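# Coordinate inspection notes
Each chain is listed here by its residues.
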Amino acid sequence: MMKETAESLNFIEHIIEEDLKNGFPKDKLRFRFPPEPNGYLHIGHAASICLNFGLGEKYNAPVNLRFDDTNPAKEEQEYVDAIKRDIAWLGFQWANECYSSDYFQQLYDWAIQLIKEGMAYVDQQTSEEIAAQKGTPTTAGTDSPFRNRPIEESLDLFERMKNGEFAAGSYLLRAKIDMSSPNMHMRDPILYRIVNKPHHRTGSDWCIYPMYDWAHGQSDYVEQVSHSLCTLEFKAHRELYDWYLDQIYDSSLLRPKQREFARRNLSYTVMSKRKLLELVQKNIVSGWDDPRMPTISGLRRRGYTPDSIRKFSDLAGISKRDNVTDVSLLEFCIREDLNKTATRVMGVLNPVKLVITNYPEGKSEILQMENNPEQADSGTHDVPFSRELYIEREDFKEDGGKKFFRLSLGNEVRLKSAYIIKAESVVKDESGVIQEIHCTYDPESKSGSGTEASQRKVKGTLHWVSIEHAIQAEVREYDRLFLDEAPDSHEDKGFLDFINPESLKVISNAFLEPHLANATMDDKYQFQRLGYFTLDSDSKDGKLVFNKTVGLKDTWAKQNTPPAPANQPKQNQNSSPQGQKKPLNEIQQISKKLTNFSGDKLETALSSIATLAEEISYDELEPLFNTAAKKVGTRIGVMVALRVLLEKGQEKTSAAAEFIANGKADDNEILRAEAEKIN
RNA sequence: UGGUCUAUGGUGUAACUGGCAACACGUCUGAUUUUGGUUCAGAAGAGUCUAGGUUCGAGCCCUAGUAGACCAACCA
C-alpha cells in the first residue's frame, strides 16, 4: 500500500514537473538520446540513456535514438551498430531511429533562409585568420572582412560550395551574430564547412556538412523533442541553440529546450571516448569490449547485467556538480543482481591435491548441489565426488590459528555439499612446498543426509573439485585499469601514467566441476566462495575461458590486508574533484572536526594544523580570532596556528593576546590546553 | 583579464513554499549461515565552502569572498 511515497526527483524531473504544472501538455513530452557514432558507449552514457529513456518510461513519452552524424571524417557504421546493440541490450526501446543526416536538406534550406535574411554569410579566410579574429574569452573578436558581403554573393557562393566547386577548407558559411559577445559561441559561429569525405549514410550526396550547433537544435525541433538533455559542457552552447531556433521557429510548433546535467565519472577509470580510443589504439586493452573497459560492451563481456547497470544509474542519480562515483557502488549493483540469479558451482583456481585416505580407491559418487540458495525453486545439479580432489591452496594451513576458519592439521571442515573431513598429514617436496594433503572423511556426515554427523558444526566449508572429473579452463581475473582514483584529473601527469600493470591475471589452468562444460555465454555463475563468473567470447570448443565479473565481498581478505590509505577517511588529501585547498582553508577544514577527535587522531590533526600553519601569514589568521564562540574546533585550530607563528617570531599583537586570554578561560579542555602552551 | 556553472558525512544523491539535514554505497559491531557470501539487528561518520546579513527560524533568501569545472576545433 505504502508504495513510492515521496519519491525524490532529480532536478530535470523537477523542471518537467514544473512545465507540466504550467500547462505544458503531457502528451507533447518527447526525449531523445543523441550519440555521435564515433566510439562505443560507456557507463557515463548509460547515465544519459537511463535518464532519457527512464523519463520516457515515467511519462509514457516517446524517446528517439538520434545519431548525431554530421562529421563523416570520424563516424562509422560500426559504431552505429554497436550503439544500437548496447541500448537494446540495456533493455530500452527507441520510438524512432533518427539521424541528423536525415535533415541535411532541411538544414540546407534553412541556411539559405538565414542568408537571405542577412543572418549568415560566406567567409573565405583560413582557419588561422578566423581563429585570430575570434578573440579570447577575455577580449572581443573582430569582424571578418567578408561579414558584409552582399546577400546575393553569399547565396551564389554557398550554392557553389554545395555543388563541390571549392576545395575543402576554402569557404565557410557563418552566422552573423556578435563578434564581441562574452560567449565565444556567439562570435559568428560556423554553420557549414566543406568536407570531401563519403558519409556513412548519405554517401557523396553532400560535400558541405553542418556543424553540431546548427544541426542539433534543429534536429530536436524537427523531431519535436520537448526536453533536450545534454551534459554540462554544452551549457555555453545554449544561447546559440536558442538563437538558431529563433531564426526558424514557427510558433505553432513545439519549441525544444536544452537542459544540462553533469557527466558521470567512475573512480579508477577514464570516461572519455578519446581516452578510451587511445587505450584501444595503444593496445593497452584488447579492444572496446575488453572486460576492463568501462564501456557497455566491456561490462557486458565482463559479466555485468543490464539490470545492474540500470540500477547503478538509478542509485548514482543526476545532478549538476562534478563527481567521481566510487566503483564500489557499481560492484554493489552487480553483486546484488547476481546473488539472486547466478547458478552456484565450484571451481578451484589455485589447486592443491587433497587425498581422502579412507575413501575407497576407484569409487566415485554423484552428489547434489543447490543451484541457488536464494531461489527455492532453482533446483540442483550433479557434482561427482571421489577420493582425490583439488582444493584451494589458500584454504589449508598446517597450523591455522584460532581465526582461520579453514582446513588445518587435526581440524575438521566441511567439503561443500559433500562430507566432513579432517586433515591428518601433508606431503611436501624437497623445498617444503605442500604437494598433497592427506585427510580422512566421516562417511556418516554426507550433506543433506540428515544424520547427526551431517549436522555437526565445523569450523568452515570449502569448495572443491574431483580431480578425475574436473574440466580445465582458462580464468581471467581483472583488477582496476588505473591505480589512481581519478587518473585524468592531474595537471602534471597524463592518465596513462597511472595504468595498473596488474589489471589482468590469467589463470590458464583452473579446474572446474564438469557441469560447467555446458556453459553458454548467457549463463551467470557464482564460483562458490570466489566470485561471479561468466563465459568469455574467446571460448572455443574444448577450451573454455571464464571472466571473473566481480569477487564476493571478502571480509577475511580485508582483515589480512593492512588498511589501505585509500580507504581511510581523508582529512587533508587533495584528491577530491574540487582539488587543492589553500593552507588556511585546510586548517579550517581540519579544525571543524577537532572536537570529535581524541587520542591519536587528535594528535595527528593538531600536528598537521601546526605543519600547515608554517605556510600562512599572521594577517590571514587574525580575522579568525573573531570566530564564533560555539565553533570551538576552529578556535582550537587558530590557537595552534597562532602558536606556530609566535614561535617563528611573530609579534604578539593585542588582538592575539586577547584571543589567547579568552582561550585560557574557555570551557573546552583542548582549547585551554592549547592556549596554555603559549607563553 | 571576461562569461557561465557548481559547492551538503569518505563517495554519490535527497531535503517541495525558509521549519528536527534524509537515503544508498562504503566503514565498524553483533546475530544467523553447509559460501569468511547472503540475510537480519545495530553503530560511527555532517557545524551543509568562508565571512557577514535578512528572519522567531537559513543547507535553502541577500551581499562579499574562496575553491573547482566549463568556454577561444572547419569536433560533438
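Thresholds, definitions, all that
Residues numbered from 1 in each chain as written. Chains lettered and ligands numbered in written order. Predicted model: local features only at pLDDT ≥ 70, side-chain atom pairs only at ≥ 80, totals over all residues. Heavy atoms only, no water. Helix = DSSP H or I, 4+ residues; strand = E, 2+ residues; numbered from the N terminus. Rg over C-alpha atoms; globule rule 2.2 N^0.38 Å. Buried < 20%, exposed > 50% of the residue type's maximum accessible area, 1.4 Å probe, protein only. Phe/Tyr/Trp six-rings, centres within 6.5 Å; stacked < 30°, edge-to-face > 60°. 1 Å grid on protein atoms, 1.4 Å probe; cavity = no way out; pocket = protein on both sides within 12 Å on 5 of 7 lines; lining within 4 Å. Points joined across faces, edges and corners; volume = space filled by probe spheres on them. Nonpolar A, V, L, I, M, F, W, Y, C, P; charged D, E, K, R; others polar. Contact = heavy atoms within 4.5 Å. Polar contact = N/O pair within 3.5 Å; in protein donor to acceptor, adjacent residues only side chain to side chain. pLDDT = per-residue confidence, 0-100. Core = buried A, V, L, I, M, F, W, Y, C linked by side-chain atoms within 4.5 Å.

### Details of the overall build of chain A
Helix and strand counts for chain A come out as 19 helices and 27 strands. Expected size for 679 residues packed as a compact globule is a radius of gyration near 26 Å; at 33 Å, chain A overshoots this value by more than 25%. Taken along its principal axes, the extent of the C-alpha atoms in chain A is 100 × 80 × 60 Å. Of all 679 residues assigned to chain A, the portion counted as buried reaches 49%.

### A look at the packing of aromatic side chains
Using the criterion set out here, one finds 27 aromatic pairs in the structure. For the ring pair Tyr 419 and Tyr 441, a centre distance of 4.9 Å and an interplane angle of 85° mean the geometry is edge-to-face. With Tyr 419 in the loop between β18 (412-415) and β19 (420-428) and Tyr 441 in strand β20 (residues 434-441), this pair connects stretches of sequence that are 22 residues apart. Here Tyr 419 matches Tyr 441 in class, with each residue buried.

### Structural notes on the layout of surface pockets
Taken as a whole, the second largest pocket encloses approximately 1,000 Å³ of empty space. Around the second largest pocket sit 33 residues that line it, and Glu 36, Asn 38, His 45, Phe 234 and Lys 273 are the ones nearest its centre. For the lining of the second largest pocket, the secondary structure elements donating two or more residues are β1 (31-33), α2 (43-59), α7 (212-223), β8 (227-231) and α9 (273-281). Along the lines of polarity and charge, the residues of the lining of the second largest pocket split into 12 nonpolar, 10 polar and 11 charged.

### Observations concerning the environment of Asn 183
Looking at the element boundaries, Asn 183 is found in the loop between β5 (172-175) and β6 (190-194). We classify Asn 183 as buried; its relative accessible area is 12%. Considered as a pair, Asn 183 and Ala 557 are 374 residues apart in the sequence and their alpha carbons are 54 Å apart. The contact partners of Asn 183, leaving out residues within four places of it in the chain, are Ala 236 and Glu 239. Separated by 2.9 Å, the side chains of Asn 183 and Glu 239 make a polar contact.

### Some remarks on the confidence of the model for chain A
Here chain A shows a mean pLDDT of 91. Residues at 70 or above account for 90%. Overall, residues 1-5 carries pLDDT values under 50, and its contacts beyond four positions in sequence, including any with other chains, amount to 0 contacts. Every residue in residues 563-581 is under pLDDT 50, and counting partners more than four places away or in other chains gives 16 contacts. Predicted complex metrics record ipTM = 0.97 and pTM = 0.89.

### Description of empty space enclosed by the protein
Empty space among the atoms becomes apparent when a probe as large as a water molecule is rolled across them. Considering all chains together, one arrives at 1 cavity of 30 Å³ or more under this definition. Put simply, the largest cavity is a space of about 40 Å³. Secondary-structure elements contributing two or more residues to the lining of the largest cavity are α7 and α8 (238-248). Split by residue class, the lining of the largest cavity holds 3 nonpolar, 4 polar and 1 charged.

### Concerning the nonpolar core
Considering soluble globular proteins, one finds that nonpolar side chains tend to be buried as a cluster. Ranked by internal contacts, the top residues of the largest apolar core, which has 43 residues, are Ile 43, Ile 49, Leu 55 and Ile 87. Those elements that provide at least two residues to this core are α1 (11-21), β1, α2, β2 (63-67), α3 (77-90), α10 (296-302), α11 (306-316) and α12 (327-341). No other element matches α2, which puts 8 residues into this core. In contact with Ile 49, not counting residues within four places along its chain, are Phe 33, Leu 41, Gly 54, Ile 87, Leu 90 and Phe 92.

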